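Below are the chains, spelled out letter by letter.
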Amino acid sequence: MKKHQKDRLKTNPAFSTRKLKLGTFQTNLDSGCVMSDLDGRLDISWPNTVALAKLADEMEFEALVPVARWHGWGGNTNPQGPGFETYTWAAGIGASTQKAGVFATSHITVTHPVVAAKQSAVIDHITGGRYALNVVTGWNQPEIEMFGQPLLAHEERYACAEEWLGIIKRLWTEDAMFDHQGRYFKIAKGYLEPKPIQAPYPAIMCAGASELGRHFAAKHCDLVFTVIRTGGLEECRAHVQAYHKLAREQYGRTIKVWTLVNIVQGETEKEARDFYNYYVNEKGDWAAAKNMVDTFSLDINKRNVPPERIKPLQEAFIQGWGGLPIVGTKEQIVDTLRMLSEAGLDGVLGAFPRYAEGMKQFRDTTYPLMKRSEEHTSELQSHSVISY
């Protein structure tokens, strides 16, 4: 370890001891996580995205995760069209915050590994070791083709990702220059100084849902981002434990599991559900959602979406980018978050239909209730006695 480096377990909030860690998702893109002509949805500007980061920083969120998007989804509102590139966004957000974990999201074929490693090291220095790299293989064919390259076949994406990430880890950890002759990349006298703050290297996240994706995340990453849309406590627990079992039994590793939730809060459950119906069914951009689902389900992505699943999938992305909707009062939201924690999830990335309004409401009403609930649970556990 070099003199400027520190143990990442001590610097990176993603490894904090909080049982259920918190974060935000997609605050670098217009509309945030919704596809809706909803008044008050995120209007992307630098002051607006910084304001959300500062709200998260107040609550010591462990993960601010942007999405790498290069054009929007059309329709009436073109959601996610305007937006900020994630490495430069992470550098600016890192300099604007003090406590929150800050991520960059990187397509493996769009950003060369030497550039990705260097940019990541800089952001790690800016943040004092709070940085994490979110690796994505890419599935949005029109976006990848913007760069004059074909979208790789599903199996090839993970072979490329393994080579890409392997080069980055070598640059982060090896002092001597090295050459690399691979299938996808050729490196001549690879070199990187200064090394990142975090030792042995910054935290790495990946969204692995397919069998190949699950194995890639379990073998190479510290955090896996997965989608949990339905099911109760036991179904969720089984989903999470499957990742832990794969990492432990096949690769001798441990991994932390995160998911996305979309928080729709009201004074009453009816108020929350009426608002959900309003921004999804009355104001939803169903044309944009159809464009997204059509791209998502292209043959090259190996996702078989039966006809009866198309409309529910559209709704899932309109309401909050496919995340688990938590609709109700602050008490119901805290109860659901507690259930997700009991199911073994290490963290949730929270999204809000009206991002700024929702985060302020969460800070003022829901977060204090959540903290009291956590303190009460810890107190009960500390006073529990096992008798024989």
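**Considering the overall build of the chain**
Phase 1: A count of helical and extended segments in the chain gives 13 helices and 13 strands.
Phase 2: Computed over the C-alpha atoms, the radius of gyration of the chain is 21 Å, within 12% of the 21 Å expected from 2.2 N^0.38 for a compact globule of 388 residues.
Phase 3: In terms of overall dimensions, the chain has C-alpha extents of about 60 × 60 × 45 Å along its principal axes.
Phase 4: Taken over 388 residues, the chain has a buried fraction of 53%.
Phase 5: Restricting the contact set of the chain to residue pairs at least 6 apart, pairs at least 24 apart contribute 78%.
Phase 6: Put simply, the chain shows about 17,000 Å² of open surface, and 53% of that area lies on carbon and sulfur atoms.
Phase 7: Side chains of the chain carry 44 positive and 45 negative charges; the gap between the two charge centres is 5 Å.

**Section: the nonpolar core**
Phase 1: Ranked by internal contacts, the top residues of the largest apolar core, which has 114 residues, are F25, W164, M292, W321, L337, M359 and F362.
Phase 2: Ranked by residues supplied to this core, first place goes to helix α6 (residues 154-173) with 9 residues.
Phase 3: Non-local contacts of W164, meaning those with residues more than four positions away in its chain, are made with Y87, S106, H107, I108, T111, H112, P113, A116, L133, V135 and F185.

**What to know about the packing of aromatic side chains**
Phase 1: Enumeration according to the criterion identifies 16 aromatic pairs in this entry.
Phase 2: Ring plane angle 85° and centroid distance 5.6 Å describe the contact between W139 and F296, whose orientation is recorded as edge-to-face. Remark: F296 occurs in helix α10 (residues 286-296) and W139 occurs in the loop between β5 (131-136) and α5 (141-145); sequence separation between them is 157 residues. Of the two residues, W139 and F296, both sit in the buried class.
Phase 3: Feature note: the residues F61, F352, Y355, F362 and Y367 constitute an aromatic cluster, connected by ring pairs.
Phase 4: In this structure, R170 is placed above the aromatic ring of F178, and the distance from its NZ or CZ to the ring centre is 3.9 Å.

**Remarks on the side chain of T226**
Phase 1: With respect to the element layout, T226 can be found in strand β10 (residues 223-226).
Phase 2: In terms of polar contacts, T226 uses its side chain to reach the side chain of H239, at 2.8 Å.
Phase 3: Once residues lying within four places of it in the same chain are set aside, the contact partners of T226 are H239, Y243, V257, W258, T259 and L260.

**Describing a nonpolar patch on the surface**
Phase 1: Residues W70, M146 and F147 make up a contiguous nonpolar surface patch of about 280 Å² in total accessible area.
Phase 2: Inspection of the secondary structure puts F147 in the loop between α5 and α6.
Phase 3: Since its relative accessible area comes to 34%, F147 is described here as partly exposed.

**Thoughts on the packing of helix α2 (residues 46-58) against helix α3 (residues 86-96)**
Phase 1: One way to put it is that α2 packs onto α3 with a least axis distance of 10 Å and a crossing angle of 55°. Judged on the interaxial angle alone, α3 and α2 are oblique. Considering only the axes of α2 and α3, their crossing is right-handed. Listed contacts from α3 to W46, T49, V50, A53 and K54 of α2 are W89, G92, I93 and S96.
Phase 2: Taken together, the residues of the contact of α2 with α3 sort by class into 5 nonpolar, 3 polar and 1 charged.

**Some remarks on the environment of L20**
Phase 1: With respect to the helices and strands, L20 occurs in the loop between α1 (8-11) and β2 (21-25).
Phase 2: Exposure remark for L20: the relative accessible area of 3% places this residue in the buried category.
Phase 3: Here L20 is in contact with L337, S341, L345, D346, G347, V348, M370 and E374, once residues within four sequence places are set aside.

**Considering the environment of T254**
Phase 1: Turning to its location among the elements, T254 is positioned in the loop between α8 (233-251) and β11 (256-265).
Phase 2: A relative accessible area of 70% means that T254 is categorised as exposed.
Phase 3: In this structure the C-alpha to C-alpha distance between T254 and L223, which are 31 residues apart in sequence, comes to 9.2 Å.

**Things to note about the pairing of β5**
Put simply, side chains in a regular strand alternate between the two faces of the sheet.
Phase 1: Buried residues dominate β5, accounting for 5 of its 6 residues.
Phase 2: Summarising the sheet, strand β4 (residues 102-107) and β5 pair through 6 bridges and their orientation is parallel. Looking at β5, one finds that T105 is bridged to N134.
Phase 3: In this view, the connection linking β4 to its parallel neighbour β5 by way of helix α4 (residues 113-127) has right-handed handedness.
Phase 4: Two strands pair when backbone bridges link them, and β5 and strand β9 (residues 203-206) are joined in this way by 4 bridges, in the parallel orientation. Bridging across to β9, N134 finds its partner in M205.

Thresholds, definitions, all that
- Residues numbered from 1 in each chain as written.
- Predicted model: local features only at pLDDT ≥ 70, side-chain atom pairs only at ≥ 80, totals over all residues.
- Heavy atoms only, no water.
- Helix = DSSP H or I, 4+ residues; strand = E, 2+ residues; numbered from the N terminus.
- Rg over C-alpha atoms; globule rule 2.2 N^0.38 Å.
- Buried < 20%, exposed > 50% of the residue type's maximum accessible area, 1.4 Å probe, protein only.
- Contact = heavy atoms within 4.5 Å.
- Areas by Shrake-Rupley, 256 points an atom, 1.4 Å probe, with all protein chains shown as cover.
- Lys, Arg positive; Asp, Glu negative; His and termini not counted.
- Charge placed at Lys NZ, Arg CZ, Asp CG, Glu CD.
- Core = buried A, V, L, I, M, F, W, Y, C linked by side-chain atoms within 4.5 Å.
- Phe/Tyr/Trp six-rings, centres within 6.5 Å; stacked < 30°, edge-to-face > 60°.
- Lys NZ or Arg CZ within 6 Å of the ring centre and 35° of its normal.
- Polar contact = N/O pair within 3.5 Å; in protein donor to acceptor, adjacent residues only side chain to side chain.
- Patch = residues over 30% accessible without salt bridge, like charges linked within 9 Å, V, L, I, M, F, W, Y side chains within 5 Å.
- Salt bridge = Lys/Arg side-chain N within 4 Å of Asp/Glu carboxyl O.
- Axes fitted to C-alpha atoms, helices over the stretch in contact; angles between N-to-C directions.
- Parallel < 35°, antiparallel > 145°, perpendicular 65-115°, else oblique.
- Left-handed = near helix turned anticlockwise from the far one by under 90°.
- Nonpolar A, V, L, I, M, F, W, Y, C, P; charged D, E, K, R; others polar.
- Pairing = 2+ DSSP bridges.
- Right-handed = clockwise from strand over helix to strand, strands pointing away.

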